[in-house]
Amino acid sequence: MEKFTYQYPVKQYFGKGCAEEALKKEMPDMGNVVMLAYGGGSLKRTGLYDKIRGWLENAGKTVVDFGGIMPNPTYDKVQEGAEVVRKEGVDFILAVGGGSVIDCCKIISAQAKTDEDVWNMFYNEHRLPTEFVPCGAVVTASGTGAEQNNGAVITHEEKKIKGGMVGAHNDFAMLDPMYTMTVPFRQVIYGAFDTISHAMETYFGKPQENNLSDDISEAVMRSVIANIRVLLTDPENYNARSELMWSSAMAENGILKIGKVTDFQCHQMEHQLGAYTDCNHGAGLAVLHPALYRHICEAGAAKFARFARNVWGIEEKATELETAQAGVAALADFIKEIGLPASFTEMGIDPNTDFKAVADSTNITAGCCKKLTHEEILEIFNECR
Ligand code: NZQ
Ligand code: ZN
């Protein structure tokens, strides 16, 4: 096992009605002015906005409204939010939404506390913000696990980079599976696939020897696969939705990553695809993963064969490589089975996208069995068209 330090700062509230209970319990310890941050309109349509605003006001808080956080949140939106926080003297940021709203708020929290440009601080000076406005998150769409960690993915439109940044940890997260019932079904499956991707990108990272983190990853992957299948025939199944929500949290709360060097090459590719096309995160991952794994599975045949056996229940083939390839084929078949796209065309991506520019601007990671070149990344993008 690799050397590690593990500390977990995010208090978890999970289950039906947990947000009201959590806010009642936690808000008395927070400052008076609360920014209620949300996305493009679903929160008001579902009636949750009025409920949450009411719970905050009942706790004696002055609520500052900050809506319109878009999927693939932009750095401009971060700046707009930080300005509101400063101007209104916000003491606490409550993010209510999926990964986009939660990520945007984690960086707003950091930017509001400094006059330095946090993108410049992170990317050019390689320093991390140290002060944050306290935050909490109500998860309304699960999959990213964004509520669990202090990483955030922000699109800098001018620079054409969708990149990871480090912001605030939430003081507490509220995960009520009932809130996911109104999420468009396709988005539910995109989110669940994102969770599988997080587990895979960790599992295929080093070390490859047997370790407890990989055993837990396999359990998370099997659970997500089984529960997606439940939802395909019974979309409102509460138990399946709660299992998916907790799997999403498990994949990003650090436990699967203990003692591992994570890879996240597929995420790096998808993020840059997002920077150029504003595509859906889970959909992009679904198209890219099988193509990427077909490229690297020979280099990591033993681990891919283990993935085939333990996640997909595949019988041993004549050679280890054949077993490994059967695991990648099972993943591709599953993506089709659950109705996710198998090509950029199916995703509606403009065929004239400059894929060379996307490939050349993709970060290359080295956590997995094979370090790719930009030329190989372009080959993979071309195979996905
Ligand atoms: O904006 P509204 O109108 O609220 O609609 C949203 C949005 O259109 C809708 N939605 C959310 N909750 C709903 C709902 N609609 C009805 N009922 C509800 N209860 O869902 C749509 C998608 O929301 P979004 O937050 O964009 O999706 P997701 O949770 O998949 O987040 C994607 C973002 O997270 C980043 C991705 O790159 C992407 O930017 N990620 C963040 C990670 C992290 N911080 O750890 C890890 C991930 O790998 C990922 O990169
Ligand atoms: Zn993801």
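Values in this document were obtained by computation on a predicted structure and should not be read as measured data.

Draft legend 1. Summary view of the pairing of strand β5 (residues 135–139). With 5 of its 5 residues buried, β5 lies for the most part within the structure. Side-chain alternation along β5 places Cys135, Ala137 and Val139 on one buried face and Gly136 and Val138 on a second face that is also buried. Note: strand β4 (residues 92–97) against β5, 5 bridges, orientation parallel. Across the sheet, residue isoleucine 93 finds its bridge partner in β5, namely cysteine 135.

Draft legend 2. Molecular detail of the domain arrangement of the protein. For the protein, the assigned domains are domain 1 (11–179) and domain 2 (185–383). When each unit is reduced to the centre of its C-alpha atoms, the spacing between domain 1 and domain 2 is 27 Å. Counting residues per element, the side of domain 1 that touches domain 2 draws most heavily on strand β7 (residues 161–166), which supplies 3 residues.

Draft legend 3. The site of ligand 1, seen in detail. Near ligand 1 there are 34 residues, and of these Gly39, Gly40, Pro71, Gly98 and Gly99 occur at the shortest range. Looking at the shell around ligand 1, the elements with two or more residues in it are α2 (42–45), α5 (99–111), β6 (151–156), α7 (185–203) and α11 (281–296). By residue number, the principal contributor to the shell around ligand 1 is α5, which donates 4 residues. Both domains that furnish three or more residues to the shell around ligand 1 are identified here as domain 1 (11–179) and domain 2 (185–383).

Calculation notes
- Residues numbered from 1 in each chain as written.
- Chains lettered and ligands numbered in written order.
- Predicted model: local features only at pLDDT ≥ 70, side-chain atom pairs only at ≥ 80, totals over all residues.
- Buried ≥ 20, exposed ≤ 12 C-beta atoms within 10 Å, placed from the backbone.
- Helix = DSSP H or I, 4+ residues; strand = E, 2+ residues; numbered from the N terminus.
- Pairing = 2+ DSSP bridges.
- Domains from an automatic or database assignment.
- Near = placed C-beta within 6 Å.

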